[in-house]
Amino acid sequence: MLSDEAERVGFQMLKKRIFTICLAAAVTVSMIPGISVSAAGAADTGDEYDGYIVAFDDSTSDSTIEKVVGSEGDDCDSISDLGAQDQKLALVSVESDETGGSDAVINKVVEGYEDHGSVVSVSPNYRRKVCASVNDTYSSSLYQFSMLDISSAWAQLEEAGLPSSKVRVALIDTGASLAHEDLQSNMDLSLAKGFTNGSDTSSGDDTDTDSHGTHVAGIIAATANNSLGTAGAASGASNNIVDLIPVSVLSSDGYIYDDDIIRGINYALARDVSVINMSLGGETDDTVLDSAIANAYRHGVTIVCAAGNEAENGNPLEYPAASDYTISVAACGSSGARASFSSYNEYVDVMAPGVRIMSTVNWSDGTQYYSYSGTSMACPMVSAEAALLYAADPDITPSEVYGFITGTASHASAKDEYTGYGIVNYSAAVRAALAAGSSSAGSDGSDKVTTVAKVSGIAAKALGGSKVKVSWSSVTGAAKYQIAKKKKGGSYSVTTAGSSSRSKTYTKLKKGKYYYFKVRAVKTVDGSTYYGSWSTVKKIKVK
C-alpha cells in the first residue's frame, strides 16, 4: 500500500491537473475531497448550463423541429435521433442574456416550448461534474474484497456455472485508457464510444488523460489474477463475468453536458447493457435527462450514481443520484464509517468503499495505478455488484436488483439519510438472486429481501375548475400509496392515500399551468417499510 506521504504528494499532483481542467470549466471535480473548484452558478440555479435541450416525439420531422425552435426566436444547433427512447433531441441556443439566467428566465423559456404539442420535455443543458482472493500486484490494498465478501460471490457464480455470457456494463464518464495493461480482458474495446460537444466519435476518449474514467473502469473490470495491478470487483476469478463499455462524455472545454449524457445513455441502451455507472452529478434536476434515465430503467437497465462529495460544502442534493430511477451510493472507508465528504440525504440508498481505493490510472508520467477517494469510487462498487446479480439471473429486473442490494446490506431493516441501508454485501446479494425469486435467501432465511412492484396504469385527467384527477392500478400487498405532485420548475410535494385508494383529486390548481404527477406503492413487512419505484410521470395542463 502507498504510504500516507506518497498518497499526499500524489494528491497534490492530481490537484494541479484538476485545476488545469476545471479553472477553465468552472465546475467542481469530486474525485478527491478538499481539492474542488466550485462552479460560479447561475443566478438562482445550482448548476451552470449552455443552451437548452428540447425532446420531441420521434414522429416529428426535422423541418418541424426547426420551425418550432424558430418560432421561439431561438437557433437549432443540432438534432439527434434517440432511437432507444423514441424521441428526437434538439440542442437549442437562446439569446445570450437568457443563457445561465435566473429561474424566472428558465421557466419562461421552458413554458414557451411546452405549449407546442410535439414537445415531450425541455430543460437547460446543465453541466455536470465527475464525483471522484487474487494474485494481482496491489491485491493487499483492495480492502473492498474482504469488506464486501466479493470472492465468495464469485465462487457462488462459478459453482452455479454462471454466467452463460458476460454482463455488459456501460461506464458513462471521461472515457478510459483503452490500451491500459490491466483493462484488456474485461472491456469491449470495439464498443467504446464518445459523445462530446454535441457530436460523437467512433472510439470515445481512448486515452482518458483525465484518468477519472480509467480509475472507475478498473474498480469494476480490471483483469484479475494476471499478476498485474489490481482486480475489478465484477471481473471474476476467471475474468468471465463483465464486459465494460466505456462511453466518454467529457467535452473539449472540460465540461460534461446533459445532452451528451443523454446520448450516452441511449447508446448504452441500444447495446443491451444491463448496468450503467455514472460517477458524476450536479445540483440541478433535469427532466429531459431524467426521462432518458427512466426509459433505460423501464427497459431493464439498473443505473448506479455517486451520491456526491459535498457533505462539508453545504450538502446539496446531487442529480442524477437523487433521481427516482437510480441507486445512490455513499462512500465509507476501510473501518466501515461513512466518509466525512460523502453527501447525505433521503435519496442515499447504500454505502460502499470510497476512501483510498487503488485502481488503474493513465498519468502522463507513466503512472498506471493509484488510489483515489470519493463517491465516484464507491459508485462502481455497487455497479459491479449489480453486474453479478445479472450474472446470477439475466432476467432480473432493476427493481429486483435494488431489492437484493438494499435488502442484504448491513442494516437493511432501517434506512437512514447518511448510509442508506448500509454497506453492501456481494455474497449475500448473489445468494439471494440465486434463490430464483424467493423472498428469503440462504439456508436459514436470514437475508430477507422484499420488493415492491411498480405502480402501473397511472392516468391524469383535467376536470375543469382547476381540478385534476390522478388514478392508478392497485399493487398487491400495498399498505398505502404515495402521490407526488409538482408544477414545472418546482419541487415535488407528497401526499398519502390508503391501501384501497385508486385515485386522488387535486383542487385549486393554477389554470393554464402544467403539473406533473407520479405514484408509488408502500409495503410494511415485519415492522419495516419498503418503497416501490415511482411510476411513470404524467404531465397535464390544468383547465
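Structural data are supplied above this passage.
Bear in mind that the values here come from a model prediction, so they are computed numbers and not experimental data.

A. The arrangement of a negative patch on the surface in detail. On the surface, a cluster of negative charge is made up of Asp50, Asp75, Asp77 and Glu95. Counting through the fold element by element, Asp77 comes out in strand S2 (residues 75–82). Its relative accessible area of 46% is what places Asp77 among the partly exposed residues.

B. Expanded view of helix H2 (residues 62–71). For H2, the full list of buried residues reads Ile65, Val68 and Val69. All buried residues of H2 lie within an arc of 95° about the axis, which places them on one face of the element. For H2, the elements touching its buried residues are strand S1 (49–57), S2, strand S3 (87–93) and helix H3 (103–114). In the segment just after H2, Gly73 is the residue with positive phi, at about 75°.

C. Up close: the sheet that holds strand S19 (residues 459–464). The three strands lie next to each other as S19-S20-S23, forming an open sheet whose pairing is antiparallel. At either margin of the open sheet sits one strand with a lone partner, and together these are S19 and strand S23 (503–506). Across the sheet, the mean angle separating the axes of adjacent strands is 20° when strand polarity is ignored. Note: S19 against strand S20 (residues 467–471), five bridges, orientation antiparallel. By the bridge assignment, Ala460 is partnered in S20 with Val470.

D. The arrangement of the packing of helix H5 (residues 150–159) against helix H9 (residues 375–392) in detail. As a packed pair, H5 and H9 sit with axes 10 Å apart at the nearest point and diverge in direction by 15°. For the element pair H5 / H9, the angle class is roughly parallel. The element H5 and its partner H9 pack so that their crossing is left-handed. Where H5 approaches H9, its residues Ala153, Trp154 and Leu157 are matched on the opposing element by Leu388, Ala391 and Ala392. Taken together, the residues of the contact of H5 with H9 break down into six nonpolar, no polar and no charged.

E. Up close: the packing of helix H7 (residues 258–270) against helix H8 (residues 287–298). Running from N to C, H7 and H8 cross one another at 10°; their axes reach a closest spacing of 9 Å. Here H8 runs roughly parallel to H7, going by the angle between their axes. On H8, the residues that touch Asp258, Ile261, Ile262, Ile265, Asn266 and Leu269 of H7 are Val288, Leu289, Ala292, Ile293, Asn295 and Ala296. For the contact of H7 with H8, the class distribution of residues is nine nonpolar, two polar and one charged.

What counts and how
Numbers given for residues are sequential positions, taken from 1 along each chain in its written order. Owing to the predicted nature of the model, reporting of local features is limited to residues with pLDDT of at least 70; listing and counting of side-chain atom pairs is limited to 80 or more, with chain, interface and lining totals taken over all residues. Only hydrogens and water are set aside when side-chain values are computed; all heavy atoms of the structure are taken into account. Surface patches are defined over residues having more than 30% relative accessible area and no salt bridge, joining like charges when they lie within 9 Å and nonpolar side chains (Val, Leu, Ile, Met, Phe, Trp, Tyr) when within 5 Å. Only the protein chains shown count as cover for residues, and all accessible areas are computed by the Shrake-Rupley method using a 1.4 Å probe. Salt bridge criterion: a side-chain nitrogen from Lys or Arg within 4 Å of a carboxyl oxygen from Asp or Glu. The convention is simple: Lys and Arg are positive, Asp and Glu are negative, and His and the chain ends are not counted. Charged groups are reduced to one reference atom each: NZ for lysine, CZ for arginine, CG for aspartic acid, CD for glutamic acid. Segments assigned H or I by DSSP are reported as helices when at least four residues long, segments assigned E as strands when at least two residues long, and all are numbered from the N terminus. Relative accessibility under 20% of the residue-type maximum defines a buried residue, over 50% an exposed one, and the middle range a partly exposed one, all with a 1.4 Å probe and only protein chains included. Of all possible arcs, the one meant is that of the directions from the helix axis to the C-beta atoms. The criterion used for residue contact is that any of the two residues' heavy atoms lie within 4.5 Å. One requirement defines pairing of two strands: DSSP has to find at least two bridges between them. The axes used here are C-alpha line fits, helices contributing only the stretch in contact, and every angle between their N-to-C directions lies in the interval 0 to 180 degrees. Working definition: roughly parallel below 35 degrees, roughly antiparallel above 145 degrees, roughly perpendicular at 65 to 115 degrees, and oblique for all remaining angles. Note: crossing handedness is left-handed where the near helix turns anticlockwise from the far helix by less than a right angle, and right-handed where it turns clockwise. Here the term charged refers only to Asp, Glu, Lys and Arg, the term nonpolar to Ala, Val, Leu, Ile, Met, Phe, Trp, Tyr, Cys and Pro, and the term polar to all other amino acids, Gly among them.

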